[in-house]
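Architecture at a glance
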Protein chains: 2
Amino acid sequence: MTTLANLTDHYTPEARAQAETELFGLLRIPSVSADPAHAGDMAHAAEFLRAKLAALGFSARTDETAGHPVVYAEHLKAPGAPTVLIYGHYDVQPEAPLDKWETPPFEPTVRGGRVYARGATDDKGQAYAHIRGVELLLSQGADSSKTLPLNVKFLLEGEEEVGSANLEPYIRQHQEMLKADAIIISDGSRFAPDVPTVTYGLRGLSYVEVHVTGANRDLHSGSYGGAAPNAINMLANIISRLKDDQGRVTIPGFYDGVEDLTETERGMWAGLPHDDAAFAASIGATALPGEAGYSTLERLWARPTLDVNGIWGGYQGEGSKTVIAGTAGAKISMRLVPGQDPERITRLIQAYVPTIAPEGAQVEVKALHGGQPVLIDLENPYVQAAGRALEHVHGKPPKFTRGGGSIPIVSAFRELLHAPVVLLDFGLNEDAPHSPNESFALSDYHNGVLTSARMLQEIAAGREA
Amino acid sequence: MTTLANLTDHYTPEARAQAETELFGLLRIPSVSADPAHAGDMAHAAEFLRAKLAALGFSARTDETAGHPVVYAEHLKAPGAPTVLIYGHYDVQPEAPLDKWETPPFEPTVRGGRVYARGATDDKGQAYAHIRGVELLLSQGADSSKTLPLNVKFLLEGEEEVGSANLEPYIRQHQEMLKADAIIISDGSRFAPDVPTVTYGLRGLSYVEVHVTGANRDLHSGSYGGAAPNAINMLANIISRLKDDQGRVTIPGFYDGVEDLTETERGMWAGLPHDDAAFAASIGATALPGEAGYSTLERLWARPTLDVNGIWGGYQGEGSKTVIAGTAGAKISMRLVPGQDPERITRLIQAYVPTIAPEGAQVEVKALHGGQPVLIDLENPYVQAAGRALEHVHGKPPKFTRGGGSIPIVSAFRELLHAPVVLLDFGLNEDAPHSPNESFALSDYHNGVLTSARMLQEIAAGREA
């Protein structure tokens with residue numbers, strides 16, 4: 001029953017069409033976790049997934065949390081066979097700026113073989129590929145008993161885009177239920193089109209909000225200009241002092257414990273098909289500024305960063321308003337690498353900002369959320385099984401790379417469930433996750449379905465061998 | 001007929017109540033010139049003033065311009081007597097931020113002897129004080145012939161808050177009609193409560209908008225952080241480089257031609273009742289940062305400045321969105337002093353910003369508007385007449401100060417009408433013009449009415465003497 005049949009032949013045009021229709025239904029639900037106004041849509045998306053998994057023969061439920069619900073489903077009908085836990089998230093980033101979207105963010109539209117919608121790749125599309133992968137595998141059953149060659153659990157949360165604050169407590173409360181031999185996550189981007197990839201590292205995150213107050217109100221710049229502290233000018237000064245002219249973060253202790261790259265990694269990455277000019281052109285950039293002394297890939301995967309994610313203050317409307325802003329604010333996040341603890345980094349920036357604030361600046365640094373960086377052992381059998389599945393589907397061996405993003409919950413899985421994590425990304429950066437016109441190539445979606453099914457077979461077979 | 005009767009006795013409680021009711025009616029009209037959505041309200045406010053002046057016996061009209069209408073009215077029934085032109089504006093600043101208003105900005109509300117409303121002091125209240133001043137003077141006529149001891153013209157525009165772009169062409173087209181011996185303007189703030197003031201200097205203005213582009217879209221800070229140019233970080237760097245740590249503007253040539261203060265002025269201002277601590281406390285500031293080597297009043301009245309008036313970029317909503325902003329923008333204005341030409345300063349900053357922009361920043365500096373700085377000869381007889389009127393109403397001689405704000409059109413009046421300008425301010429900075437909860441003390445309003453009437457008598461008498 002778990003012979004490694006060629007699944008591709010069994011993934012019929014009908015099944016592909018149905019897999020697309022179902023995904024589009026999920027993409028139509030505006031499940032924006034950051035916006036309280038979408039609470040109802042969050043519940044709707046959770047129920048959508050629960051019902052689908054139940055229909056596949058899973059014992060499925062939605063569990064309330066202090067935030068948005070968690071969808072949990074299990075299919076445990078292969079005694080003695082390995083158990084995998086597949087994680088994904090059904091929440092999406094806010095759609096802003098809406099006017100930059102060519103088609104409505106929650107109206108999935110197919111153009112040039114890609115489906116355009118918020119969440120298409122991050123993470124509805126990639127998570128749903130596993131659901132359809134399991135469905136494909138079920139259709140391989142020797143009989144109609146809807147059996148699988150291994151035990152599968154799904155854990156789909158609704159708060160990944162806002163820091164997964166309630167998932168770690170959930171995992172803590174359900175450690176026995178969630179127990180697994182491996183945890184599969186497809187929530188990132190692989191290296192390039194035509195390059196199947198297994199990711200073995202992720203950056204962590206520290207995200208804060210800085211508020212600067214100069215005066216108790218906006219002031220007339222004629223009457224007060226020259227004496228009143230300007231909150232925007234002061235905020236700009238603070239931001240400009242957070243990095244030096246070499247692109248290094250100036251926060252004392254920021255780089256303590258950061259591990260150097262191994263020569264193996266440097267060599268492995270130097271061999272990857274990457275071209276700075278093409279990379280810059282793909283985002284319309286005239287340069288790729290960053291920390292001196294490192295290649296672009298090294299800066300993206302193995303070096304910490306600091307970026308302002310949003311800024312506001314004073315008059316943003318039409319025309320010219322001559323005010324001195326009384327207050328201004330900015331969202332600032334730092335991507336972290338192994339050796340950096342998010343809570344420590346957050347404390348460091350909270351202590352540092354007041355020391356670089358200009359005279360007259362009343363500052364507050366609020367911690368929003370954080371996530372641990374991750375490094376995975378390339379030798380573990382589940383990573384290897386994922387690699388073999390990719391080779392089967394793509395006809396070539398995968399590359400092993402790191403990702404620049406964060407999946408805060410990965411470290412919680414490793415600490416609480418003591419199971420190896422497999423990061424198997426189907427999407428691409430060019431899918432524009434978090435950006436207007438986010439999309440997902442339908443070919444990547446279907447390859448994801450096939451890879452998921454094949455990987456589950458490999459894992460089942462690998463254990464029996 | 002033009003004996004200097006004591007007007008105060010004739011300014012009855014009934015007349016005061018009526019003067020308030022009429023002003024509140026004008027304040028209820030949301031005449032925000034910067035917002036195209038308020039075009040209808042602009043026309044409504046113009047007609048309100050035209051009708052009032054017509055009712056006073058003026059030949060009054062509203063003239064269309066490329067922008068908002070100009071109200072012109074004349075009362076020329078005193079052959080041989082001097083002619084004064086009274087300027088004001090009926091447009092107001094946008095009300096944003098609306099949530100900071102204790103009562104609705106366009107619902108005049110009296111609290112503690114002050115009327116709270118957008119435009120209360122800037123400039124509806126101060127302009128209307130002259131209209132009621134003329135009305136008071138008319139009520140002094142020996143007969144019921146509605147005569148005045150001099151000739152009066154009113155010019156009330158609707159674009160002062162957006163740069164008066166269409167008023168200079170209007171003046172140019174109507175130079176003969178607008179001809180006058182003096183031009184009276186009440187559109188600023190006097191020095192302090194209990195300190196009657198004549199203003200003899202104003203700062204000019206150069207207002208630009210800076211746009212920075214780093215990439216063609218917002219990018220995922222995980223996938224791109226460390227390599228992609230961040231528009232917000234780059235904009236913050238540009239802003240921080242516009243001033244040095246001594247608070248001096250770094251734009252090459254910015255200070256060329258700036259005149260030093262005379263010892264007389266320094267002495268005159270040093271003698272004014274000003275306290276830095278009280279000034280800082282009045283705006284909730286912990287410091288009064290600014291250009292080193294100058295007192296606060298010197299920095300406010302006689303030194304140029306640079307302030308960011310608004311900034312935007314990236315995600316400004318709830319929660320944490322991990323994007324690298326593709327674009328960011330800021331509104332930046334510079335207050336100018338005698339010796340600085342606005343157009344030259346605008347060209348200087350347009351040339352300078354690209355030279356301080358970080359690698360990867362695609363910058364654009366758009367000129368929004370400007371205004372010439374002004375210095376007035378204290379010896380001219382109309383300034384002296386205003387001073388005597390203030391002394392009559394307040395029972396003490398006025399102080400002579402400068403203002404930090406700009407009235408761009410003043411220089412056009414001087415160049416095109418070749419007449420001396422009198423800056424007679426009834427309002428105060430604490431009225432919070434351009435800020436939430438703008439207000440105007442009713443006592444200042446009524447003193448304005450009396451001062452205006454008395455000044456017109458003084459001018460008429462002065463000429464006959």
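Everything discussed here concerns the structure shown above.
A few words on the side chain of B:E265. Residues and elements named next belong to chain B. Position of E265 relative to the elements: it lies in helix α9 (residues 263–270). At a separation of 2.9 Å, a polar atom in the side chain of E265 contacts the side chain of Y200. Residues in contact with E265, not counting those within four places in the same chain, are Y200 and R402.

Our next topic: the packing of helix α3 (residues 39–55) of chain B against helix α4 (residues 124–138) of chain B. Residue and element names in this part refer to chain B. Here α3 crosses α4 at 15°, and the two axes come no closer than 11 Å. By the criterion of interaxial angle, the relationship of α3 to α4 is roughly parallel. In the crossing of α3 with α4, the sense of the turn from one axis to the other is left-handed. Two secondary-structure elements touch here, α3 through F48, L49, K52 and L53 and α4 through Y128, I131, R132 and E135.

This brings us to the nonpolar core. In this structure, B:V152, B:F154 and B:F413 are the most contacted members of the largest nonpolar core, which totals 111 residues. Broken down by element, the residue count for this core peaks at nine residues, all from helix α15 (residues 442–464) of chain B. In this structure, B:F154 is in contact with B:L53, B:F58, B:V71, B:Y72, B:A73, B:L85, B:I86, B:H130, B:I131 and B:V134, ignoring residues within four places of it in sequence. Membership of the second largest hydrophobic core comes to 110 residues, among which are A:I86, A:L136, A:A460 and B:A228.

Residue and element names in this part refer to chain B. Strand order in this open sheet of three strands is β4-β5-β20, and the pairing throughout is antiparallel. For this open sheet the edge positions go to β4 (109–111) and β20 (439–441), each flanked by a neighbour on one side alone. Between one strand axis and the next, the sheet turns through 25° on average, direction left out of account. Inspection of the sheet shows β4 paired to strand β5 (residues 114–116) by three bridges, in the antiparallel sense. Within β5, the position partnered with R111 by the bridge is R114.

Rules and cut-offs
- Each chain has its residues counted from 1, following the order in which its sequence is written.
- Here the convention is simple: chains get letters from A, ligands get numbers from 1, in the order in which they are written.
- Two thresholds apply to this predicted model, a pLDDT of at least 70 for residue-level local features and 80 or more for giving and counting side-chain atom pairs, whereas whole-chain, interface and lining totals are computed over all residues.
- Just so you know, side-chain values use all the structure's heavy atoms and leave hydrogens and water out.
- Counting from the N terminus, the helices are DSSP H or I runs at least four residues long and the strands are E runs at least two residues long.
- Here a polar contact is taken to be a pair of N or O atoms separated by no more than 3.5 Å, where protein atoms must pair a possible hydrogen donor with a possible acceptor and residues adjacent in sequence count only if both atoms sit in side chains.
- By the convention used here, residues are in contact when the closest approach between their heavy atoms is within 4.5 Å.
- Fitted lines through C-alpha atoms serve as axes, helices being fitted only where they are in contact, and the angles separating the N-to-C directions of these axes extend from 0 to 180 degrees.
- Roughly parallel covers angles under 35 degrees, roughly antiparallel covers those over 145, roughly perpendicular covers 65 to 115, and oblique covers all other angles.
- Crossing handedness is defined as follows: a turn of the near helix away from the far one that is anticlockwise and smaller than a right angle gives a left-handed crossing, while the clockwise case is right-handed.
- Buried Ala, Val, Leu, Ile, Met, Phe, Trp, Tyr and Cys residues that are joined via side-chain atoms within 4.5 Å together make up what is termed a nonpolar core.
- Accessibility here uses a 1.4 Å probe with only protein chains present; expressed as a share of the type maximum, an area under 20% marks a residue as buried, one over 50% as exposed, and anything in between as partly exposed.
- Strand pairing requires that DSSP identify at least two bridges connecting the strands.

In short, the description is geometric, and any link to function would need to be established separately.
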